[in-house]
Amino acid sequence: MTKSRDAVHEILRQSRGFRSAQDVFAEMRAVGSKIGLTTVYRALQSLSDSGRVDVLRTDEGESVYRACQTDTHHHHLVCRVCGRTIEVAGPDVERWAEVVGAEHGFIDVTHTVEVFGTCSSCAQSCGESSEEAAGKG
């Protein structure tokens, strides 16, 4: 891995949640790095392609990145309030994607599943129970 990719990856490993390329760039520049924004984007793409970082698309369409916690295929449960993210396995989703692809004649099916909600800590600080936050209260 290049020095730039190592530095970008280290920023993400130290981060609590997902970060935009602009966030990573600003943090690196704040500590004296001379890295360019284009280099940050290239490093993030390379890290994503190699499976070392996860990428989510926000509701606004922006890509945000986080260092992977596991080497296996996974999905994310993301808090809309604080950004807390939990990597989760989804064997039922895996089977469903394969079946749907096969039903329509597709091969080499891949997918991305992100589940967004409000974590229990944020729900409590907002005065909602988990059932109320889920619309069941």
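The name recorded for the protein chain in an unreviewed UniProt entry is Transcriptional repressor, from Microbispora maris. A UniProt comment under Subcellular location (unreviewed entry) is attached to the protein chain, and it reads "Cytoplasm". Reading the Subunit (unreviewed entry) entry of the UniProt record for the protein chain gives the comment "Homodimer."

Further remarks concern a negative patch on the surface. A cluster of acidic residues, D23, D59, E60 and E62, forms a negative patch at the surface. Residue placement: D23 occurs in helix 2 (residues 21-30).

One open sheet holds the three strands; their spatial order is 5-4-6, and the pairing between them is mixed. With partners counted over all chains shown, the strands left at the sheet margins are strand 5 (85-88) and strand 6 (114-117), one partner each. Averaged over neighbouring strand pairs, the angle between their axes works out to 20° when direction is ignored. Judged from the four bridges that link them, strand 4 (residues 75-79) and strand 5 form a sheet pairing that is antiparallel. Bridge pairing in strand 5 links L77 to I86.

Strand order across the open sheet formed by three strands is 1-3-2, with antiparallel pairing between neighbours. Each of the sheet's edge strands pairs with one partner strand only, and the pair in question is strand 1 (19-20) and strand 2 (53-57). Sheet topology places strand 2 next to strand 3 (residues 63-67); five bridges connect them, and they run antiparallel. Within strand 3, the residue paired with R57 across the bridge is S63.

In this section: the nonpolar core. The nonpolar side chains of soluble globular proteins are, as a tendency, buried together. Counting 15 residues, the largest nonpolar core has V8, L12, V24, M28, I35, V40 and L44 as the members making the most contacts within it. Looking at this core, the elements that each hand over two or more residues are helix 1 (3-14), helix 2, helix 3 (37-49) and strand 3. Ignoring anything within four residues of it in the chain, the contact list for L12 reads R19, V24, L44, V53, Y65, R66 and A67.

Overall, the coordinates contain four salt bridges when judged by the stated rule. One salt bridge in this structure joins R19 and E27, with 2.7 Å as the shortest N-O distance. On the accessibility criterion, R19 (17% relative accessible area) is buried. Since its relative accessible area comes to 27%, E27 is described here as partly exposed. Among the ionic pairs, R95 bridges to D92, the shortest N-O distance being 2.3 Å. Note that R95 and D92 are positioned in helix 4 (residues 91-103) at a spacing of three residues, about one turn of the helix. We classify D92 as exposed; its relative accessible area is 55%.

Quick look at a nonpolar patch on the surface now. The grouping of L77, I86 and V115 at the surface amounts to a nonpolar patch, some 210 Å² of accessible area in total. Of note, I86 is situated in strand 5.

With that settled, consider unusual backbone geometry. Even without being a glycine, D108 presents a positive backbone phi close to 50°. Residue classification places D108 among the exposed positions, given a relative accessible area of 71%.

Thresholds, definitions, all that
- Residues numbered from 1 in each chain as written.
- Predicted model: local features only at pLDDT ≥ 70, side-chain atom pairs only at ≥ 80, totals over all residues.
- Heavy atoms only, no water.
- UniProt positions renumbered as here; feature names shortened; annotations may be inferred.
- Patch = residues over 30% accessible without salt bridge, like charges linked within 9 Å, V, L, I, M, F, W, Y side chains within 5 Å.
- Areas by Shrake-Rupley, 256 points an atom, 1.4 Å probe, with all protein chains shown as cover.
- Salt bridge = Lys/Arg side-chain N within 4 Å of Asp/Glu carboxyl O.
- Lys, Arg positive; Asp, Glu negative; His and termini not counted.
- Charge placed at Lys NZ, Arg CZ, Asp CG, Glu CD.
- Helix = DSSP H or I, 4+ residues; strand = E, 2+ residues; numbered from the N terminus.
- Pairing = 2+ DSSP bridges.
- Axes fitted to C-alpha atoms, helices over the stretch in contact; angles between N-to-C directions.
- Core = buried A, V, L, I, M, F, W, Y, C linked by side-chain atoms within 4.5 Å.
- Buried < 20%, exposed > 50% of the residue type's maximum accessible area, 1.4 Å probe, protein only.
- Contact = heavy atoms within 4.5 Å.

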